[in-house]
There are 2 protein chains.
Amino acid sequence: MKRIAIDMDDVMADTSFKIIQYINERVNGVYSYEGLMTASDVEKKAFYEVYVANNKFLWEPGFFEDIPVKPNAVDVIQALMGKYEVFIVSAATEFPNSMKEKLQWMQQHFPFIGWQHIVFCGHKHMISADYLIDDHEKNLKTFTGTPLLFTAPHNLHIHDYERVNSWLDVQSRLLV
Amino acid sequence: MKRIAIDMDDVMADTSFKIIQYINERVNGVYSYEGLMTASDVEKKAFYEVYVANNKFLWEPGFFEDIPVKPNAVDVIQALMGKYEVFIVSAATEFPNSMKEKLQWMQQHFPFIGWQHIVFCGHKHMISADYLIDDHEKNLKTFTGTPLLFTAPHNLHIHDYERVNSWLDVQSRLLV
């Protein structure tokens with residue numbers, strides 16, 4: 001049985017959506033997910049500078065407990081588990097408060113995935129799998145299997161990987 | 001650079017020592033680490049039955065925050081990092097409260113190992129490394145590199161793996 005490693009933030013969870021909401025609250029901004037998807041490189045660079053200067057909420061309790069689930073993620077991942085061994089692999093050890101919240105989030109939305117198949121790490125290059133679905137190039141470029149880039153506002157400029165825009169794209173790529 | 005994956009409980013941390021202390025408090029017992037190391041199979045089975053019936057402290061806050069460090073673990077692991085890429089790989093996702101405590105414990109005792117090289121997981125068979133130092137056969141038997149069994153009271157009956165009895169043994173095996 002082939003193995004798939006699946007990232008959480010901006011792949012299973014719509015983390016950018018909540019980040020944008022938090023940033024808007026902190027800087028009285030009017031950023032939106034859709035706006036970032038169509039923004040120029042200069043506009044996007046400006047947003048990510050604001051984000052880096054105002055993102056300490058990532059280290060505080062509560063941020064990761066109620067992030068929206070990406071459309072179709074639940075159904076497609078449940079279907080993938082019939083054909084593949086699925087591991088959830090989240091770069092979470094940078095955020096000590098996030099891990100308990102991420103486990104609870106998994107139990108709430110993906111109760112069919114047990115703690116045995118959840119991995120919290122920093123670097124991902126020691127993960128052995130056949131596929132990695134991730135939104136960050138830094139994780140995909142050291143991966144030894146087949147990398148799949150999950151579209152997010154911060155990776156639209158990357159063209160070196162096979163791209164999936166949604167969970168329905170993942171379904172078409174890995175389940176048909 | 002070759003990669004070593006190192007387990008935490010009963011390898012870096014003297015978890016059995018604290019477990020025995022907690023069990024004694026709960027059942028008014030007189031168990032000891034040294035006693036378990038020389039106990040008969042029947043005596044050991046009796047202890048582990050008591051342990052399984054009285055171990056809910058593993059899921060409660062606080063247990064993992066002040067476990068003693070194994071002798072020479074700090075110095076030998078720091079030396080290993082000069083020759084190998086070191087990842088700490090702990091089966092911790094079963095215990096949602098443990099991960100923040102384990103990160104703090106790492107920062108306190110092993111501040112030279114960053115969050116980038118700490119992994120909390122359930123199953124360990126998707127970890128890719130050249131060596132795995134672990135006290136549990138279930139982790140070693142699916143490992144694709146060279147497994148090293150770190151001696152603990154619960155694994156004395158296992159003879160299928162190269163054994164290290166202490167961190168000085170690890171030093172002799174991997175650094176000479």
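Notes on the structure in this doc start here.

Each value, and the rule that gives it
Residues numbered from 1 in each chain as written. Chains lettered and ligands numbered in written order. Predicted model: local features only at pLDDT ≥ 70, side-chain atom pairs only at ≥ 80, totals over all residues. Axes fitted to C-alpha atoms, helices over the stretch in contact; angles between N-to-C directions. Helix = DSSP H or I, 4+ residues; strand = E, 2+ residues; numbered from the N terminus. Parallel < 35°, antiparallel > 145°, perpendicular 65-115°, else oblique. Left-handed = near helix turned anticlockwise from the far one by under 90°. Contact = placed C-beta atoms within 7 Å. Nonpolar A, V, L, I, M, F, W, Y, C, P; charged D, E, K, R; others polar. Buried ≥ 20, exposed ≤ 12 C-beta atoms within 10 Å, placed from the backbone. Core = buried A, V, L, I, M, F, W, Y, C linked by C-beta atoms within 7 Å.

### Notes on the packing of helix 4 (residues 73–80) of chain A against helix 7 (residues 167–174) of chain A
All names here are of chain A.
Here's step 1: Two elements in contact, helix 4 and helix 7, have axes separated by 9 Å at closest approach and are oriented at 20 degrees. In terms of orientation, helix 4 lies roughly parallel with respect to helix 7. Crossing hand, helix 4 versus helix 7: left-handed. On helix 7, the residues that touch Ala-73, Val-76, Ala-79 and Leu-80 of helix 4 are Trp-167, Val-170, Gln-171 and Leu-174.
Here's step 2: Residue composition of the contact of helix 4 with helix 7, by class: 7 nonpolar, 1 polar and no charged.

### Brief notes about unusual backbone geometry
Residues and elements named next belong to chain B.
Here's step 1: For Asp-10, which is not a glycine, the phi torsion comes out positive at approximately 65 degrees.
Here's step 2: Looking at where Asp-10 falls in the secondary structure, it is placed in the loop between strand 1 (3–6) and helix 1 (15–27).
Here's step 3: By the C-beta count within 10 Å, which is 22 here, Asp-10 ends up buried.
Here's step 4: At Asn-28, a position not held by glycine, the phi torsion is positive, near 55 degrees.

### Some words on the nonpolar core
Here's step 1: By size, the foremost hydrophobic cluster in this structure holds 84 residues, and its most contacted members are Ile-6 of chain A together with Ile-6 of chain B.
Here's step 2: Core analysis: the next-biggest nonpolar cluster, separate from the first, contains 5 residues, Ile-19, Ile-20, Tyr-31 and Phe-47 of chain B among them.

### Some remarks on the interface of chain A and chain B
Here's step 1: Contact with chain A, which involves 23 residues of that partner, is made by 23 residues of chain B.
Here's step 2: Every element with two or more residues in the side of chain A that touches chain B is listed here: helix 5 (98–109) and strand 3 (118–121) of chain A.
Here's step 3: Split into classes, the residues belonging to the side of chain A that touches chain B amount to 12 nonpolar, 8 polar and 3 charged.

Just distances and angles here, no functional claims.
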